[in-house]
Structures are given as C-alpha cells and as structure tokens.
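So you can see what is in the structure, the chains are spelled out below.
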Amino acid sequence: MFVLLVPVAGAAADGPRLSLDRSEAGKGSTLVVMGEGWRSQALLTLLVCGRNMVGGTNDCANAEGRTVTTESDGSFRRELVVVEPPTPCPCVVHVATVTGEAEAADVPLVVAGHPVAPLPEASGARIGVLDARLEGSGGLLTWFGAPPVRRLVLTVGNPGSGAAKDPVFRVGTARGMLAPSWEERRWRGTIPAGQRARVAFDVELAAGAHGPYEVSLKYGDKVLVTEPWDVARPWGVTLFWILLCLVVPAGLFRLGMVVVDRLRPRAAAAAPEPGALPWFTPEAMPRSPD
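In this text the structure is predicted, and so the values were computed from the model without any measurement. (Residues numbered from 1 in each chain as written. Predicted model: local features only at pLDDT ≥ 70, side-chain atom pairs only at ≥ 80, totals over all residues. Heavy atoms only, no water.)

Before we move on, could you go through the packing of aromatic side chains and cite the residues and values that matter?
Applying the stated criterion across every chain yields a total of three aromatic pairs. A centroid spacing of 6.3 Å and a plane angle of 65° characterise the contact between Trp 38 and Phe 76, whose relative ring orientation is edge-to-face. Here Trp 38 is found in the loop between strand S3 (30-36) and strand S4 (43-49), whereas its partner Phe 76 is found in strand S6 (residues 76-81), with 38 residues between them in sequence. Grouping residues by exposure puts Trp 38 and Phe 76 together as buried. Site record: aromatic cluster; members linked through ring pairs are Phe 169, Phe 201 and Tyr 219. The lysine or arginine in question, Lys 218, covers the ring of Trp 182, its NZ or CZ lying 4.4 Å from the ring centre. (Phe/Tyr/Trp six-rings, centres within 6.5 Å; stacked < 30°, edge-to-face > 60°. Helix = DSSP H or I, 4+ residues; strand = E, 2+ residues; numbered from the N terminus. Buried < 20%, exposed > 50% of the residue type's maximum accessible area, 1.4 Å probe, protein only. Lys NZ or Arg CZ within 6 Å of the ring centre and 35° of its normal.)

Could you give an account of the confidence of the model for the protein, naming the residues involved and the relevant values?
When pLDDT is averaged across the protein, the result is 83; 86% of the residues are at 70 or more. Overall, residues 1-13 carries pLDDT values under 50, and its contacts beyond four positions in sequence, including any with other chains, amount to 22 contacts. (pLDDT = per-residue confidence, 0-100. Contact = heavy atoms within 4.5 Å.)

So what's going on with the state of the cysteines? Residues and values would help.
A complete count under the given rule lists two disulfides for this structure. Between the sulfur of Cys 49 and that of Cys 60 lies a disulfide, 1.9 Å long from S to S. Because the sign of the S-S torsion sets the handedness, a value of about 95° for the bond joining Cys 49 and Cys 60 places this disulfide among the right-handed ones. Here the residue Cys 49 occupies a position in strand S4, and Cys 60 occupies one in the loop between S4 and strand S5 (66-69), the gap between them amounting to 11 residues. For Cys 60, a relative accessible area of 4% puts it in the buried group. Here Cys 89 engages in a disulfide with Cys 91; their sulfurs sit 1.9 Å apart. (Disulfide = S-S within 2.5 Å.)

How would you summarise empty space enclosed by the protein if you had to cite specific residues and measurements?
Considering all chains together, one arrives at one cavity of 30 Å³ or more under this definition. Lining the largest cavity we find Thr 142, Gly 145, Ala 146, Pro 148, Gly 208, Ala 209, Val 231, Ala 232, Arg 233 and Pro 234. Class assignment of the residues belonging to the lining of the largest cavity gives a composition of six nonpolar, three polar and one charged. (1 Å grid on protein atoms, 1.4 Å probe; cavity = no way out; pocket = protein on both sides within 12 Å on 5 of 7 lines; lining within 4 Å. Points joined across faces, edges and corners; volume = space filled by probe spheres on them. Nonpolar A, V, L, I, M, F, W, Y, C, P; charged D, E, K, R; others polar.)

Which residues make up the sheet that holds strand S1 (residues 17-20), and what values go with them?
Reading across from one edge, S1-S3-S6 is the order of the three strands in this open sheet, with antiparallel pairing throughout. In the strand order of this sheet, the two ends are held by S1 and S6, each with one partner. Averaged over all neighbouring strand pairs, the angle between strand axes comes to 25°, with direction disregarded. Inspection of the sheet shows S1 paired to S3 by four bridges, in the antiparallel sense. The partner of Leu 18 across the bridge, within S3, is Gly 35. (Pairing = 2+ DSSP bridges. Axes fitted to C-alpha atoms, helices over the stretch in contact; angles between N-to-C directions.)

Could you give me a rundown of the pattern of salt bridges, with the residues and numbers involved?
Applying the stated criterion across every chain, the model contains nine salt bridges. One salt bridge in this structure joins Asp 59 and Arg 51, with 3.1 Å as the shortest N-O distance. By relative accessible area, which is 1% here, Asp 59 ends up buried. Exposure remark for Arg 51: the relative accessible area of 27% places this residue in the partly exposed category. Connected via shared salt-bridge partners are Asp 131, Arg 133 and Glu 135. (Salt bridge = Lys/Arg side-chain N within 4 Å of Asp/Glu carboxyl O.)

With reference to specific residues and values, describe the sheet that holds strand S10 (residues 149-157).
Spatial strand order, S9-S10-S15: three strands in an open sheet with antiparallel pairing. In this open sheet, the two strands that pair with only one neighbour each are strand S9 (128-135) and strand S15 (196-204). On average, adjacent strands in this sheet sit at an angle of 20° to one another, irrespective of strand direction. Summarising the sheet, S9 and S10 pair through seven bridges and their orientation is antiparallel. Pairing of Val 129 across the sheet is with Val 156, part of S10.

Laid out in structure tokens, this is it:
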C-alpha cells in the first residue's frame, strides 16, 4: 500500500510527527493516521478541523473525534472516519494530548466536496496580562468534599496593531509539580488595539481535591500568568468517617445485645414453700378435748 508522508509544519525534528495514508478523502471514507515522537502511553484525540484550526477546536468536528493511546515507543496507528468540519477548508487532521504536558500536531487533509475559503488575515493582535487574581472561597459543601471552584479574573491588554476578536485562551490546572491539564476557553468579545478588557473564567477541580494547586492561563504558545491555589482539605469527610466508625460499631453492639437477650433461655420460676409459723410447733399444737 502506498503511504504518503506529509510533513507537519512547525514541528521539530524530534517532536511529534504525523502522516496519512492519503492526502485527500471524501466524507464517510476512512483514512489511517500514523504518528511518531509522542510521549509513551499518552492519550491523544484525533479531529478533522477546518480553517487550519486557526479558531481552535471550534473549527473541528468534535463529536466525531477519536482517541488513541500511543505505544511504548511513542508511535500510534489509528483509523479515522472523514467528516466535514463546521468551517470551510483548508482542512487538517489535528492530534493533541488529553492530559499532561500539552503537545499537538496538524497534518493537511483535502476533504473532497467540502467548501474552501480563504483564511482570515492576521489581525496583528497581541494579548498581555496586566493583573490577575483568583476570586471565591470554599463553603460548607466544599468542606464535605464538593468540587472546589474559583474564578480566574484577569485584566488583559492588547498592545498589538489589530483588534483581538473572540480570543481563545487555554486554562490549565496542576497539582504540585505535575504538568497542567489544559482546557480551551473562548472569550466572547473584542479587545481593540491599545485597549484593555476584563476577562474571567471559572476554574473547577475534582471532588475531594486538596493541597497546593496552580492555575495557569495560556494564549497561543505563551503562558501569560500562573496563580497559586492552596486548596484546604475537606475535613468534613474525615469527620464523617470518624463518626461512622464510632456510631456503626456501637449500634451493631447494641443490636447484638438485644438479640442475645431475646434468644437467651429463661429458667422456670420455683413455687414458693409455705413457711411454718414459729408459734405452732408440733409440741405446742393445741389438743382437742376428748
């Protein structure tokens, strides 16, 4: 079988690489995506995207995406059904890591029959963070293990020459020294050149999370800000288990004692013996007259 190796633009020689078994396919057909240079045992997503994915995953057919786990040598091979993305071509097959350190690569794909439109011109916009803080606090539900929630509030500026319209950020959370887990967030609005805007994103951790965390914001390939977040331990959960360990054994013990008391055999009650009156002894018994 003829295999077409398509180079990945911007990928380093020792970075992740992609190739397809053919460069053009129609809707509903199946092509083979092959990769090398990825992390070992990494979980990846495979998407068909329009507009060269300049608008992030909003340009991708997310519902029809596929996943694959890389081999120990960082390679993979996965069949992918070709679908029409929500935006016009030029199209790409986009592969990215799901967890851990963010890695991504694209490979061009011609989707036969799908509309083609020119890419939007570069706006010259640049995003910088002027101020950042985490707002919010834990409550009673968080004390009992509910997911901790904070709001990342930023003041961003655009020192570029063009307006930034609906910019796409990536919010990441990391515990301790672990790599952040990134999630794309689109901010709806326009930041004109030379102006600033207030941007806010909700950040939620898993239920029961505690310890030192970091919340990061990335725009493009640049991390703009990192904020520490010390999440308190859900002591209500600990208190609940302590009480459960005390109350349940005590209740079982009381129930067992009641059962034992009901099943224990009862001794028959002895009939009382009539006592002799001390003033009527056999010698002192009165005699009847003859």
